Amino acid sequence: MKLYCNGEEEIDEIKVEEMVEKILEKKEYWDTKCKNFFADEFVDWFNEEKWVKPEYAEIYYETNSIDEVEKKLLKIIEKEDTEKIMKNNFLTKEAFKKLLDNDEIEIVIDYGEVEENSNFTIAMHEKLFFVDKMFYACCNFNGEIDEYYMG
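The notes below deal with the structure included here. Here the structure is a predicted model, which is why all the values come from computation and not from measurement. (Residues numbered from 1 in each chain as written. Predicted model: local features only at pLDDT ≥ 70, side-chain atom pairs only at ≥ 80, totals over all residues. Heavy atoms only, no water.)

### Re the pattern of salt bridges
Side-chain pairing between opposite charges can occur once the charged atoms of the two side chains come close.
Argument step 1. Taken as a whole and judged by the stated rule, the model has 9 salt bridges.
Argument step 2. Across the salt bridge formed by aspartate 31 and lysine 35, the nearest N and O atoms sit 3.0 Å from each other. Of this pair, aspartate 31 and lysine 35 both sit in helix α2 (residues 27–48), separated by 4 residues, roughly a single helical turn.
Argument step 3. In this structure aspartate 31 comes out as buried when scored by relative accessible area, which is 15%.
Argument step 4. We classify lysine 35 as buried; its relative accessible area is 6%.
Argument step 5. Residues lysine 84 and glutamate 80 are paired through a salt bridge, measuring 3.5 Å at the closest nitrogen-oxygen approach. Here lysine 84 and its partner glutamate 80 are both found in helix α4 (residues 66–88), 4 residues apart, which amounts to about one turn of the helix.
Argument step 6. Residue lysine 84 is classed as partly exposed on the basis of its relative accessible area, which comes to 27%.
Argument step 7. On the accessibility criterion, glutamate 80 (57% relative accessible area) is exposed.
Argument step 8. One salt-bridge network, in which partners are shared between bridges, spans Asp31, Lys35 and Asp101. (Salt bridge = Lys/Arg side-chain N within 4 Å of Asp/Glu carboxyl O. Helix = DSSP H or I, 4+ residues; strand = E, 2+ residues; numbered from the N terminus. Buried < 20%, exposed > 50% of the residue type's maximum accessible area, 1.4 Å probe, protein only.)

### Structural notes on the nonpolar core
Argument step 1. Counting 31 residues, the largest nonpolar core has Phe38, Leu73, Leu91 and Phe96 as the members making the most contacts within it.
Argument step 2. For this core, the elements supplying multiple residues, two or more each, are α2, α4, α5 (93–99), β4 (119–126) and β5 (133–140).
Argument step 3. Broken down by element, the residue count for this core peaks at 7 residues, all from α2.
Argument step 4. Excluding its chain neighbours within four sequence positions, the residues that come into contact with phenylalanine 96 are Phe38, Ala39, Val43, Phe46, Leu91, Phe130 and Phe135. (Core = buried A, V, L, I, M, F, W, Y, C linked by side-chain atoms within 4.5 Å. Contact = heavy atoms within 4.5 Å.)

### Some thoughts on the environment of lysine 97
Argument step 1. Mapped onto the elements of the fold, lysine 97 is located in helix α5.
Argument step 2. For the pair lysine 97 and isoleucine 77, spaced 20 residues apart in the sequence, the C-alpha separation amounts to 9.1 Å.

### Describing unusual backbone geometry
For residues that are not glycine, phi is negative in most cases, and the peptide bond is trans in most cases.
Argument step 1. Of note, the phi angle at asparagine 64 is positive, near 55°, even though the residue is not glycine.
Argument step 2. Among the structural elements, asparagine 64 can be located in the loop between α3 (58–63) and α4.
Argument step 3. According to the relative accessible area criterion, asparagine 64 is exposed, its value standing at 58%.
Argument step 4. Residue asparagine 89 is not a glycine yet carries a positive backbone phi of 55°.

### Structural notes on the pairing of β5
Argument step 1. The element β5 is largely enclosed, with a buried count of 6 among its 8 residues.
Argument step 2. Here β5 runs beside strand β6 (residues 145–150); their pairing, made up of 5 bridges, is antiparallel. Within β6, the position partnered with cysteine 138 by the bridge is glutamate 147.
Argument step 3. Between β5 and β6, which pair antiparallel and follow one another directly, the connecting turn spans 4 residues, one of which, glycine 143, has a positive phi of 90°. (Pairing = 2+ DSSP bridges.)

Structure below.
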């Protein structure tokens, strides 16, 4: 089997497997680094832009019930942070990291001819509160985040 990048460049399958192993060896590192990074980069902005309101939550769109939003948040981010959202429309960085704690994390590898130019993207899906938002970090193998965005 051969793998291709951008539909044209042939990729050495062994090289891809090596890169995947490198990433998975540091899975906890990348998970924590990305969550911390996304919290630092986005949470203050969410609060300033008034994006944090219970009626904006995905569960509210499904149920039309603020009580359901509160119940779901209590299970995930616990009482103190839930109260901040429900009463003050304020999201803490710790609460946001908990919202990103889910199984829907994707890793996409972009392979270049030179390993130093190779990178990968980690995408974290937050679909309870921000209605299906993805947070992306493009990382290099030196442990750095080169760019990031929300989609």
